[in-house]
Amino acid sequence: MGSIKIRAKLKGEITEVRTLIKHKMETGLRKDKKTKKLIPAHFIQEVTAKHGDIEIVHAHWGGAISKNPYFSFQFKGGKVGDDVTISWIDNKGEKDSATAKIK
Amino acid sequence: MNRRLLLKHSLATSIAAVMATAGITIPTNSMAAAWIEAEFNAKAVDKVFAELGATDVAQSDKITIKAPDIAENGAVVPITISTSLENVESISILADQNESPLTSTFNFGKGAVGFVATRIKMGKTANLVAVVKAGGKFYQAKKEVKVTIGGCGG
């Protein structure tokens, strides 16, 4: 779906990964101003970050992560040209995945 | 020590031993854990701690919370948590006045550095609580963020 942007940069021995995901992150607590009805919850629940085949981060998110989430982490052992893969799945089962190379 | 006291004492010890064993036998491999509704549905910080299995959570000056002192827009509050603790297993971020305080938990695999940055929603002025699990133990740090316009509900 092309919802994920990834920047992975090697700085010394640490690779810094910054990622932006396009998602509305609806908490389920907001009301539609016109209809006064609750807007159903729709948010990313799980995010995984891999360096090659190795899982570096496995995150659990609630609806309190901001709309169009930003997420950054760091790890050791990365080399320029290695793959970094970010995947997410939301509470409706929608998902996406993207891979970028370390620069 | 009389017999009654001795019994009491040994009972307490054995309960503690059983709990310790249980603690070890509960799967601690958080990387395999699925999203847990109860953690996110808990309505108070101590309930979240209980769901996370965090007991005896010590205050730690080895955890740094970078967040604005005043957030004009509670819908987007940038937060960076970093820690110099060794063997970091996970970092959880809580906003203690949110209806559901737990915003997120980041479980780390081998090679990960004790660092995470994201943006969260805050309903109103609250303490941010960072809970770090490192070497099997839990540590926490707090920082107050004043929110001018809430980011939840509406």
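Residues numbered from 1 in each chain as written. Chains lettered and ligands numbered in written order. Predicted model: local features only at pLDDT ≥ 70, side-chain atom pairs only at ≥ 80, totals over all residues. Heavy atoms only, no water.

(A) Representation of the interface of chain A and chain B in the model. Taken together, the 31 residues of chain A in the interface contact 30 residues of chain B. Carbon and sulfur atoms make up 55% of the surface buried where chain A meets chain B, a total of about 2600 Å² over both sides. Together, His60(A), Ala64(A) and Ser66(A) form the three largest contributors to the area buried by chain A at its contact with chain B, with a combined 24%. If you look at where chain A meets chain B, you find zero salt bridges. Summed over the shared surface of chain A and chain B, the number is 15 residue pairs in polar contact (both at pLDDT 80 or more). Of the residues contributing to the side of chain A that touches chain B, the split by class is 15 nonpolar, 10 polar and six charged. (Contact = heavy atoms within 4.5 Å. Buried area = accessible area lost by both parts, 1.4 Å probe. Salt bridge = Lys/Arg side-chain N within 4 Å of Asp/Glu carboxyl O. Polar contact = N/O pair within 3.5 Å; in protein donor to acceptor, adjacent residues only side chain to side chain. Nonpolar A, V, L, I, M, F, W, Y, C, P; charged D, E, K, R; others polar.)

(B) View of the sheet that holds strand S4 (residues 77-83) of chain B. Pairing within the open sheet is antiparallel, and its six strands lie in the order S1(A)-S2(A)-S5(A)-S7(B)-S4(B)-S2(B). Only two strands of the sheet have a single neighbouring strand rather than two, namely strand S1 (4-11) of chain A together with strand S2 (63-66) of chain B. Sheet twist, expressed as the average angle between the axes of neighbouring strands with direction ignored, equals 15°. Sheet analysis places strand S2 (residues 14-21) of chain A next to strand S5 (residues 70-76) of chain A, joined by seven bridges and oriented antiparallel. Directly across from Thr15(A), in S5(A), lies its bridge partner Phe75(A). (Pairing = 2+ DSSP bridges. Helix = DSSP H or I, 4+ residues; strand = E, 2+ residues; numbered from the N terminus. Axes fitted to C-alpha atoms, helices over the stretch in contact; angles between N-to-C directions.)

(C) Main features of helix H3 (residues 45-52) of chain B. Residue and element names in this part refer to chain B. Those residues of H3 lying buried are Val-48, Phe-49 and Leu-52. When H3 is viewed along its axis, its buried side chains cluster within an angular range of 100° and face the same direction. In H3, the exposed residues that point more than 90 degrees away from the buried face are Asp-46, Lys-47 and Ala-50. Here the buried face of H3 lies against helix H2 (37-41), strand S5 (88-95), strand S6 (102-108), strand S8 (126-134) and strand S9 (137-149). Downstream of H3 by a residue or two, Gly-53 has a phi angle that is positive, lying close to 80°. (Buried < 20%, exposed > 50% of the residue type's maximum accessible area, 1.4 Å probe, protein only. Arc of directions from axis to C-beta.)

(D) Quick look at the environment of Gln97(B). Residue and element names in this part refer to chain B. Summarising the element assignment, Gln-97 is placed in the loop between S5 and S6. A relative accessible area of 39% means that Gln-97 is categorised as partly exposed. Through-space distance from the C-alpha of Gln-97 to that of Val-45 is 8.8 Å; in sequence the pair is 52 residues apart. Beyond its immediate chain neighbours, meaning those up to four positions away, Gln-97 contacts Lys-124, Thr-125 and Ala-126.

(E) Summary view of the pattern of salt bridges. Counting across every chain of the model gives six salt bridges over all chains. In this structure, Lys11(A) and Glu16(A) form a salt bridge, with 3.2 Å as the shortest nitrogen-oxygen distance.

(F) Molecular detail of a positive patch on the surface. Residues Lys5(A), Arg7(A), Arg18(A), Lys22(A) and Lys103(A) make up a contiguous surface patch of positive charge. Looking at the secondary structure, you find Lys103(A) in the segment after strand S7 (95-101). (Patch = residues over 30% accessible without salt bridge, like charges linked within 9 Å, V, L, I, M, F, W, Y side chains within 5 Å. Areas by Shrake-Rupley, 256 points an atom, 1.4 Å probe, with all protein chains shown as cover. Lys, Arg positive; Asp, Glu negative; His and termini not counted. Charge placed at Lys NZ, Arg CZ, Asp CG, Glu CD.)

(G) Region of the structure containing the confidence of the model for chain A. Per-residue confidence for chain A gives a mean pLDDT of 95, with 99% of residues at or over 70. No element of chain A has a lower mean pLDDT than strand S4 (residues 54-61) of chain A, which averages 96, and none a higher one than S2(A), which averages 98. (pLDDT = per-residue confidence, 0-100.)

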